Amino acid sequence: MQAQRKYEEFLAEAAVINDLGKAAALLSWDQDTYMPEGGSQGRGHQMATLDSIRHARLTSARMADLLSALEAAELPADGVEAATVREARRAYERATRLPSRLVEELARQSSSARLAWVRAREADDFGLFEPELARMVELKREEADAVGFETERYDALLDEYEPGATVAEVRRIFGRLREEQVALLAEIGDSSVKLSDAPLLLGFPPAEQAAYVASLAAAVGYDFGRGRLDETIHPFAESMGLNDVRITTRYDHGNLATALFGTLHEVGHALYEQGIDPAFSRTPLAHAAGLGVHESQSRLWENLVGRSLAFWQGSYPKLQSAFEPRLRDVPLAAFHQAINVARPSLVRIEADEVSYNLHILVRFELETALLDGDLAVKDLPAAWNDRYRDYLGVVPTSDLQGCLQDIHWSVGLFGYFPTYALGNLMSVQLFEAAERHVGDLEGAIRAGDFAPLLSWLRKNVHRHGNRYSPAELLERATGARLDAGPYLDYLRAKFGGLYQLSPARTGA
Ligand code: ZN
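Residues numbered from 1 in each chain as written. Predicted model: local features only at pLDDT ≥ 70, side-chain atom pairs only at ≥ 80, totals over all residues. Heavy atoms only, no water.

(A) Summary view of unusual backbone geometry. The residue after Glu324, namely Pro325, is reached through a cis peptide bond having omega 0 degrees. Within the element layout of this structure, Pro325 appears in the loop between helix 12 (309-322) and helix 13 (332-338). Even without glycine at this site, Arg282 takes up a positive phi of about 65 degrees. The topology assignment puts Arg282 in the loop between helix 10 (256-274) and helix 11 (291-305). For Arg282, a relative accessible area of 39% puts it in the partly exposed group. The backbone of Gln500 shows a phi angle near 50 degrees, a positive value even though the residue is not glycine. By the secondary structure assignment, Gln500 is in the loop between helix 20 (485-498) and helix 21 (503-506). Given the relative accessible area of 62%, Gln500 is considered exposed. (Helix = DSSP H or I, 4+ residues; strand = E, 2+ residues; numbered from the N terminus. Buried < 20%, exposed > 50% of the residue type's maximum accessible area, 1.4 Å probe, protein only.)

(B) Up close: helix 8 (residues 167-190). For helix 8, spanning 24 residues, the distance from its first C-alpha to its last is 34 Å, which sits close to the expected 34 Å at 1.5 Å a residue. Along helix 8, the residues that are buried comprise Val167, Val170, Ile173, Phe174, Gly175, Leu177, Gln181, Leu184, Leu185, Glu187 and Ile188. (Expected span 1.5 Å × (residues − 1).)

(C) Layout of the coordination of the zinc ion. Surrounding the zinc ion are the protein donor atoms His265 (NE2), His269 (NE2) and Glu295 (OE), which sit 2.1 to 2.3 Å from the metal. Look at where the donors of the zinc ion fall in the sequence and you get H-x3-H-x25-E. Note that His265 and His269 are positioned in helix 10 at a spacing of 4 residues, about one turn of the helix. Each of the two residues, His265 as well as His269, counts as buried. (Donors = N, O, S within 2.8 Å, 3.2 Å for Na, K, Ca; no water.)

(D) Quick peek at the domain arrangement of the protein chain. Partitioning the protein chain into domains gives domain 1 (2-148) and domain 2 (167-506). When each unit is reduced to the centre of its C-alpha atoms, the spacing between domain 1 and domain 2 is 27 Å. If you look at the interface, domain 1 gives 40 residues, while domain 2 gives 38 residues. Between domain 1 and domain 2, the buried area comes to about 3,400 Å², and carbon and sulfur atoms account for 64% of it. (Domains from an automatic or database assignment. Contact = heavy atoms within 4.5 Å. Buried area = accessible area lost by both parts, 1.4 Å probe.)

(E) Spatial organisation of the pattern of salt bridges. Evaluation of the coordinates by the stated rule reveals 43 salt bridges. We note a salt bridge from Glu208 to Arg326, for which the minimum N-O separation is 3.8 Å. You can see Glu208 sitting in helix 9 (residues 206-220) and its partner Arg326 sitting in the loop between helix 12 and helix 13, a full 118 residues away along the chain. When its relative accessible area of 31% is taken as the criterion, Glu208 is described as partly exposed. Here Asp223 ties to Arg226 by a salt bridge, and the two come within 2.9 Å at their closest N and O atoms. Look at Asp223 and you get partly exposed, because its relative accessible area is 29%. Each of Arg5, Glu9, Glu13, Arg57 and Arg62 takes part in a single network of salt bridges with overlapping partners. (Salt bridge = Lys/Arg side-chain N within 4 Å of Asp/Glu carboxyl O.)

(F) Quick look at the environment of Gln2. Its location among the elements puts Gln2 in helix 1 (residues 2-33). The partly exposed category is assigned to Gln2, whose relative accessible area is 48%. Measuring from C-alpha to C-alpha, the distance between Gln2 and Leu229 comes to 46 Å, with 227 residues separating the pair along the chain.

(G) Focus on the nonpolar core. Among the nonpolar cores identified, the biggest contains 133 residues, and Phe174, Trp301, Leu319, Leu453 and Tyr499 are the most heavily contacted of them. For this core, the domains that each give at least three residues are domain 1 (2-148) and domain 2 (167-506). Residues within four places of Tyr499 in sequence aside, it is in contact with Ile188, Ser191, Val193, Leu195, Asn340, Val341 and Ala342. In this structure, Tyr7, Phe10, Ala82 and Tyr92 belong to the second largest nonpolar core, which totals 15 residues. (Core = buried A, V, L, I, M, F, W, Y, C linked by side-chain atoms within 4.5 Å.)

(H) Main features of the packing of aromatic side chains. For the coordinates displayed, the defined rule picks out 22 aromatic pairs. Look at Tyr356 and Tyr420: their rings are 6.4 Å apart centre to centre, the planes differ by 65 degrees, and that puts the pair in the edge-to-face class. Placement of the pair is Tyr356 in helix 14 (residues 353-372) and Tyr420 in helix 16 (residues 418-437), with a sequence separation of 64 residues. For Tyr420, a relative accessible area of 12% translates into the label buried. Seen in terms of ring centroids, Trp384 and Trp409 are 6.2 Å apart; in terms of plane orientation they differ by 90 degrees. Their pairing is edge-to-face. (Phe/Tyr/Trp six-rings, centres within 6.5 Å; stacked < 30°, edge-to-face > 60°.)

(I) Layout of the environment of Gly465. Mapping Gly465 onto the fold places it in the loop between helix 18 (451-460) and helix 19 (470-478). Along the primary structure Gly465 and Ser281 are separated by 184 residues, whereas in three dimensions their C-alpha atoms are 9.7 Å apart.

(J) Fine view of the environment of Glu353. Along the chain, Glu353 turns up in helix 14. Residue classification places Glu353 among the buried positions, given a relative accessible area of 4%. Considering only alpha carbons, one finds Glu353 and Ile445, 92 residues apart in sequence, at a separation of 20 Å. Not counting chain neighbours up to four residues away, the residues in contact with Glu353 comprise Gln181, Asn303, Arg307, Asn340, Tyr487, Tyr490, Leu491, Lys494 and Phe495. There is a polar contact of 2.5 Å between the side chain of Glu353 and the side chain of Tyr490. (Polar contact = N/O pair within 3.5 Å; in protein donor to acceptor, adjacent residues only side chain to side chain.)

So, in structure tokens, the structure goes:
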């Protein structure tokens, strides 16, 4: 009885903390979409104010008492209540372990390093960014030490984005990806088959693209009654609550792929958030299990559905008529090849499925070396270029196309990059589990019926929020632990076919 009353008190407090976070999310969405430039300073104050109120509630003596009381009450270990308390404890510990001096310094350093990064990009001069990045690395070391870790410092940072993951496990998995994806990319380069993306470059009016991608989003199951689609330079998905999950996309007149796959990607993120159990609303479980799982959902819809032949066997006629007459004379096979051209490039966000993980490996290896002190910040550009040559066979001629291309490090996102590759691996493991459980999944996708796939994902991934750790969620859904094998087999089979690689060399 006493425990029940405490639990209700705790939920009421957690709901306030949730609301403060979601209000900040709305301010952030507005800042990135419709806010006039003049609003930026005021918006900065508003967001900092909300954040400090939220931090105070999250780390209050009252919250500490409630958590201790509920932990002492020994709630059933496998129940929702225990998971809810566990997640609140996790947030509490992270928030209290960082001294407020460090939190403030990280916030200040993020804005000054981000500004330096923008200037360095404008001047294409890494030197302008170097001292700011060096300071950021020092602060991230301090952060990791304050959070605490068992074996490696990087674990403390990785755990924020992918709870329970360790650098040792990521290194082991990435070692295998490096070996096999580098080899596959080289074989594709040597193949006499050359695919062309010309059908995507025929010039597509943005208004027609907007109408088409909105219908595509609705067709796969994105609920516009609980979301909206806007246009931004950098597409994103933002949740203001389980019934308000918004996405943005970008229209490039010269390349249809940008909007097509950018939209499917963000739709995948949004389907996850829209699918969390309504009973978890405003509780610490109303979140994704981790960024890797989140990315698995975006990549699943973008690649395993959106870049598959089955999908376009059903959807291509609609696409052709939406953009009449441009694709009238482009056969389905040529279109499918166009959206699957594998070609090493310098830019992560333009990467194909075969090379994407290699872009992530470069960043992971460099950020762990920076953090460990094995790599000096001044040597970053050269180390970056060396790895691009070794893994992708291309070398940046400027840092703009090299180590200055991503915003992440400037705003202190260390430990974040691996989740992109982990998400790719999970996307195939989950899709194959869905194939095993849904009769003729490919047939349904070919028929434009996405309900069987979506309901399997709802039941096995989405609705659980962060009740389970990423590892546990994956194991419950697929019966297996995180594994590079299925992803590598998928790449081999798909691109081996597209590029007519010899079975002997592909190991098939
Ligand atoms: Zn994503």
